[in-house]
Amino acid sequence: MKVSVPATSANLGPGFDCLGLAISMKNQVIIRPSKFHSVSLKGEGANNPALKDNNMFISIFNDFYQNLSNKKRHFRFEFQNEIPLSRGLGSSSAVIVSAIASAYAIEGIKLEKDKLLNLALAYESHPDNITPAVMGGFNVACVQENEVKYINKSIPKSLKAVIVVPNRAISTQLSRKTLPFKYSKEDTVFNISHSSLLTAAFMAENWEMLKYASNDQIHQKYRMKQMPELFDVQKTALKEGALMSTLSGSGSTLFSIAYADDSKNLEKVLKLKFPHFRVFITDFDNTGVRIEI
């Protein structure tokens, strides 16, 4: 059995904890029956032996599998990871979603995506990453009465994501501690209005509006101060044709959207100016979690 989950970029500027989209990079796991428990890991995190010994995927998988099957079996888990760790691209959400989906699939139990999303909510309280991980595309989501309410929209092939992954991480926990305890009415209204406009721009496919709608006063400037080079990355991306450029999740990745025709030049400029960072172009993922038996 093979399960894959796409990378995600959350917040998208003003949509703090509620907006996110899926990118065509994925973490994949192949699970086979085995006489003994075993784990192999390739790609991102392969040089970190702690990930094999303290694997969040296997812990969540075992919890669900034992509850569903009431039996003990051994499996071989083969992980192929494309999503960078601790860089704001939803690697934790990918693990959570794939572990739950795998446990149901290996028992042959059909699991609707809505139910999978709400099961994942127990492990990730904010819906901005888990929703696109499950559904793909662009998503607006909130939590009400312990249930994710969302609206999903596919992203056309005419757009590309241009990703800048710095050579060091920003801690999500530390990143949240840098945020103010209180916000002014002006900043709050600013983000509500811009988040609303950004959502409308995606739904209406008014891509020229993204540059204005993606401005933020709530979290980006506080988080990006931990890595001041990100301000220059963002400024360069917008100058060189990006439709929008925002901190991905809590960072340290900087996420931009560009027309396909402009994306190559944007990638080239960013690579030349920031040679120590990883820069690449990718498509958007409109499918979300995939299960192949």
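Residues numbered from 1 in each chain as written. Predicted model: local features only at pLDDT ≥ 70, side-chain atom pairs only at ≥ 80, totals over all residues. Heavy atoms only, no water.

Caption draft 1: Representation of the overall build of the protein chain. For the protein chain, the count of helices and strands is eleven helices and eleven strands. For the protein chain, the C-alpha radius of gyration of 19 Å lies close to 19 Å, the compact-globule estimate for 293 residues. Projected onto its principal axes, the C-alpha positions of the protein chain cover 55 × 45 × 40 Å. Residue burial in the protein chain is summarised as follows: out of 293 residues, 51% are buried. Here the contacts in the protein chain between residues at least 6 apart in sequence split such that 74% fall between residues at least 24 apart. Placing the 35 positive and 27 negative side-chain charges of the protein chain at their respective mean positions leaves the two points 5 Å apart. (Helix = DSSP H or I, 4+ residues; strand = E, 2+ residues; numbered from the N terminus. Rg over C-alpha atoms; globule rule 2.2 N^0.38 Å. Buried < 20%, exposed > 50% of the residue type's maximum accessible area, 1.4 Å probe, protein only. Contact = heavy atoms within 4.5 Å. Lys, Arg positive; Asp, Glu negative; His and termini not counted. Charge placed at Lys NZ, Arg CZ, Asp CG, Glu CD.)

Caption draft 2: Examining the nonpolar core more closely. In terms of nonpolar packing, the biggest core is built from 64 residues, with L21, F57, F77, F202 and I257 touching the most fellow members. A per-element tally of this core places helix α3 (residues 91-106) first, with ten residues. The contact partners of F202, leaving out residues within four places of it in the chain, are L12, L21, F138, K153, W207, L210, M244 and I257. Core analysis: the second largest hydrophobic core is formed by 17 residues, L247, L270, F274 and V279 among them. (Core = buried A, V, L, I, M, F, W, Y, C linked by side-chain atoms within 4.5 Å.)

Caption draft 3: Layout of the pattern of salt bridges. Taken as a whole and judged by the stated rule, the model has twelve salt bridges. Its salt-bridge partner being D232, residue K273 comes within 3.5 Å of it at the nearest N-O pair. In this pair, K273 sits in helix α11 (residues 260-273) while D232 sits in helix α10 (residues 229-239), placing the two residues 41 residues apart along the sequence. Relative accessible area serves as the criterion here: at 43%, K273 is assigned to the partly exposed category. Here D232 falls in the partly exposed class, since its relative accessible area comes to 32%. With a closest N to O distance of 3.6 Å, E267 and K271 form a salt bridge. Placement of both E267 and K271 in helix α11 is noted, with a separation of four residues, approximately one turn of the helix. Using a relative accessible area of 13% as the deciding quantity, one classes E267 as buried. Connected through salt bridges with shared partners, the residues R32, R76 and E78 form a single ionic network. (Salt bridge = Lys/Arg side-chain N within 4 Å of Asp/Glu carboxyl O.)

Caption draft 4: Examining the pairing of strand β7 (residues 159-165) more closely. Extensive coverage of β7 is indicated by the burial of seven of its seven residues. Pairing between β7 and strand β10 (residues 278-282): five bridges, direction antiparallel. The partner of A161 across the bridge, within β10, is T282. (Pairing = 2+ DSSP bridges.)

Caption draft 5: Spatial organisation of the side chain of T282. Along the chain, the position of T282 falls in strand β10. A relative accessible area of 10% means that T282 is categorised as buried. At 3.3 Å, the side chain of T282 and the backbone oxygen of S24 are in polar contact. Those residues within four positions of T282 in sequence are excluded, and the remaining contacts are I23, S24, M25, K160, A161 and I163. (Polar contact = N/O pair within 3.5 Å; in protein donor to acceptor, adjacent residues only side chain to side chain.)

Caption draft 6: Expanded view of the packing of α3 against helix α4 (residues 113-120). Two numbers describe how α3 lies on α4: the axes approach to 10 Å, and their chain directions differ by 125°. When the interaxial angle is binned, α3 and α4 end up oblique. Crossing geometry of α3 relative to α4 is assigned as right-handed. Between α3 and α4, the residues in contact are I96, V97, I100, A101 and Y104 and K115, L116, L119 and A120, respectively. When the residues that make up the contact of α3 with α4 are grouped by side-chain class, the tally is eight nonpolar, no polar and one charged. (Axes fitted to C-alpha atoms, helices over the stretch in contact; angles between N-to-C directions. Parallel < 35°, antiparallel > 145°, perpendicular 65-115°, else oblique. Left-handed = near helix turned anticlockwise from the far one by under 90°. Nonpolar A, V, L, I, M, F, W, Y, C, P; charged D, E, K, R; others polar.)

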